[in-house]
Amino acid sequence: MKKLIIEKFLQNRLDETFVVPVAFITILNTILPNSAFTSLKQNGFDFQKIIAASKQNEPYLSEMIVEEKGIAKKVMIKLG
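If you're wondering where the values come from, they're calculated on a predicted model, not measured in any experiment. (Residues numbered from 1 in each chain as written. Predicted model: local features only at pLDDT ≥ 70, side-chain atom pairs only at ≥ 80, totals over all residues. Heavy atoms only, no water.)

Engineer: Help me understand the packing of aromatic side chains, please; the structure alone is not making it clear to me.
Structural biologist: The geometry of an aromatic ring pair is captured by the separation of the ring centres together with the interplanar angle, meaning the angle of the planes. Evaluated as defined, the whole model comprises zero aromatic pairs. Above the ring of Phe9, the side-chain terminus of Lys74 is found at 5.7 Å from the ring centroid. (Phe/Tyr/Trp six-rings, centres within 6.5 Å; stacked < 30°, edge-to-face > 60°. Lys NZ or Arg CZ within 6 Å of the ring centre and 35° of its normal.)

Engineer: When you look at the confidence of the model for the protein chain in this model, what are you seeing that I'm missing?
Structural biologist: Fine structural detail should not be taken from predicted coordinates in areas where pLDDT scores are low. Looking at the protein chain, pLDDT values average 90 and 100% of them are 70 or higher. Considering each helix and strand of the protein chain separately, the mean pLDDT is smallest for helix 2 (residues 34-42), with a value of 80, and largest for strand 2 (residues 13-21), with 96. (pLDDT = per-residue confidence, 0-100. Helix = DSSP H or I, 4+ residues; strand = E, 2+ residues; numbered from the N terminus.)

Engineer: I keep staring at the pattern of salt bridges and nothing clicks. Help me out?
Structural biologist: Close approach of charged atoms lets side chains of opposite charge pair. Evaluated as defined, the whole model comprises seven salt bridges. Between Lys73 and Asp15 there is a salt bridge, with its nearest N and O atoms 2.7 Å apart. Here Asp15 lies in strand 2 and Lys73 lies in strand 4 (residues 71-79), a separation of 58 residues in the sequence. Classification of Lys73 as buried rests on a relative accessible area of 7%. Between Glu63 and Lys74 there is a salt bridge, with its nearest N and O atoms 3.7 Å apart. Here Lys74 lies in strand 4 and Glu63 lies in strand 3 (residues 61-68), a separation of 11 residues in the sequence. By relative accessible area, which is 46% here, Glu63 ends up partly exposed. Residues joined in a network through salt bridges with shared partners are Lys8, Asp15, Glu16, Glu68 and Lys73. (Salt bridge = Lys/Arg side-chain N within 4 Å of Asp/Glu carboxyl O. Buried < 20%, exposed > 50% of the residue type's maximum accessible area, 1.4 Å probe, protein only.)

Shown next, in the form of structure tokens:
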């Protein structure tokens, strides 16, 4: 089963890791409203690209900087 790996880095050190099955992303893709998709896509979560890459066994990688409780963190999203 393909998994989406979300890693948060604080000052170039791994801070947190989350693993989500791509099947869950596929389910969210069918139930979330369009406004949620727009917001998520602006923040690096492009569900359609993630699902397509998973189906075609292609790599997916997205990086962004987010602010969490006033602290800047780098977030990497990749298929694993």
